[in-house]
Amino acid sequence: MLKCYVIRYMHKKTYDFEKYILTPLENGGVNDMEKINRLLTPLMKIQLKKSLNVTELYSEQSIAESIHETNIHEEPNFTEDTEITKKEKQSTEYVRLIGELLHFASQNKRFTLKDFLNYLRKDGNFYEMLSDKNTYIVFLKLYEFGTLDISTWKKNEDEISTEATGEFDLSYCLFKVFSEQNDFYKINKITVHKSDDIISYTVSMGNDTVVKFRTSINNLIFEVNFND
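Residues numbered from 1 in each chain as written. Predicted model: local features only at pLDDT ≥ 70, side-chain atom pairs only at ≥ 80, totals over all residues. Heavy atoms only, no water.

Novice: Explain the overall build of the chain to me, using residue names and the numbers behind them.
Specialist: A tally of helices and strands in the chain yields 9 helices and 4 strands. Taking all 228 residues of the chain together, 26% fall into the buried category. Put simply, 65% of the contacts in the chain that link residues at least 6 apart link residues at least 24 apart. On the chain, roughly 17,400 Å² of surface is accessible, and the fraction owed to carbon and sulfur atoms is 51%. (Helix = DSSP H or I, 4+ residues; strand = E, 2+ residues; numbered from the N terminus. Buried < 20%, exposed > 50% of the residue type's maximum accessible area, 1.4 Å probe, protein only. Contact = heavy atoms within 4.5 Å. Areas by Shrake-Rupley, 256 points an atom, 1.4 Å probe, with all protein chains shown as cover.)

Novice: Quick one: what's the story with the packing of aromatic side chains, residue by residue and with numbers?
Specialist: Under the definition given, this model contains 12 aromatic pairs. Both rings, one in Phe116 and one in Phe139, keep their centres 6.1 Å apart while their planes meet at 85°; by these two values the pair is edge-to-face. One end of the pair, Phe116, is in helix α5 (residues 113-121); the other, Phe139, is in helix α7 (residues 133-145), with 23 residues separating them in the sequence. Exposure remark for Phe116: the relative accessible area of 0% places this residue in the buried category. Joined through ring pairs, the aromatic side chains of Phe104, Phe111, Phe116, Tyr119, Tyr136, Phe139, Tyr201 and Phe222 make up one cluster. (Phe/Tyr/Trp six-rings, centres within 6.5 Å; stacked < 30°, edge-to-face > 60°.)

Novice: Could you give me a rundown of the side chain of Ser131, with the residues and numbers involved?
Specialist: Examined against the element boundaries, Ser131 turns out to sit in the loop between α6 (127-130) and α7. You can call Ser131 buried: its relative accessible area is 17%.

Novice: Could you give me a rundown of the nonpolar core, with the residues and numbers involved?
Specialist: Counting residues in hydrophobic clusters, the biggest one holds 40 residues, and the most contacted among them are Ile98, Leu102, Phe139, Leu142 and Phe222. Every element with two or more residues in this core is listed here: α4 (78-105), α5, α6, α7, α8 (150-155), α9 (170-180), β3 (187-205) and β4 (208-226). Broken down by element, this core gets its largest block of residues, 8 residues, from α4. The contact partners of Phe222, leaving out residues within four places of it in the chain, are Leu101, Lys109, Arg110, Phe111, Thr112, Leu113, Phe139, Ile190, Thr191 and Val192. (Core = buried A, V, L, I, M, F, W, Y, C linked by side-chain atoms within 4.5 Å.)

Novice: Break down the pattern of salt bridges for me, with residues and values.
Specialist: By the definition in use, this model includes 3 salt bridges. Arg110 serves as the salt-bridge partner of Glu223, at 3.4 Å between the closest nitrogen and oxygen. Here the residue Glu223 occupies a position in strand β4, and Arg110 occupies one in strand β1 (residues 110-112), the gap between them amounting to 113 residues. Residue class for Glu223 comes out partly exposed when judged on its relative accessible area of 33%. (Salt bridge = Lys/Arg side-chain N within 4 Å of Asp/Glu carboxyl O.)

Novice: Provide a residue-level description of unusual backbone geometry, including the pertinent values.
Specialist: Although it is not a glycine, Tyr185 sits at a positive phi angle of roughly 60°. Residue placement: Tyr185 occurs in the loop between α9 and β3. According to the relative accessible area criterion, Tyr185 is partly exposed, its value standing at 25%. A positive phi angle is found at Lys186, which is not glycine, with a value near 65°. Following the sequence through the fold, Lys186 ends up in the loop between α9 and β3. On the basis of relative accessibility, which here comes to 53%, the residue Lys186 falls in the exposed class.

Novice: A description of α7 should follow, citing residues and the corresponding values.
Specialist: End to end, α7 covers 19 Å across 13 residues, agreeing with the expected 18 Å (1.5 Å per residue, within 8%). Residues of α7 that are buried include every one of Asn134, Thr135, Tyr136, Val138, Phe139 and Leu142, and no others. The residue sitting at the N-terminus of α7 and contributing the capping side-chain oxygen is Asp132; that oxygen lies 3.0 Å from the backbone nitrogen of Asn134. In the segment just after α7, Gly146 is the residue with positive phi, at about 85°. (Expected span 1.5 Å × (residues − 1). Polar contact = N/O pair within 3.5 Å; in protein donor to acceptor, adjacent residues only side chain to side chain.)

That's the geometry; what it means functionally is another story.
Next up, the structure:
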């Protein structure tokens, strides 16, 4: 049987440290610094084959790391900014709602929630507000309060909230309305009662205008008391 063997030869380049550096130094064969530097050069500066492209490899890596570090430092925090904007927008909508409620109350000594909603529906600027479930939560909170007491609010200036939190804050809403209408249309307070009548409304799920659901709420009665 014929057997074939493949013999592979590998050339390995070595540097004899003892022969070229230690022996000359021990024998005192090197008398000046220039020759010593020439001996030590192979240790201090390794000559790599150009075909390896090691220098280019590390150069590109260095550039990539530099770009990556730059992106990390320069990338703005969009998440935080978006969250702040969202809170400010929601608080602004609450202020608009309370402002319109007071304006409507200044012209109607007694009215219902249904009356007020019909009033808002006539204005196209309130379409988004009327389709937001948070709008109706505000009315439920006003019912829980029982009274929107402006005179008491004026007396408690130290407890007035001036920061937008995104949550419904009646004190904050009155503070913002006060900056535009400092006499509150001469309203002293508004009392909120619940009636037996049921009204229904349709709201959207978050920012999705496609997914909607219909729910019901007791029609509320608002009675307005003006300053003497």
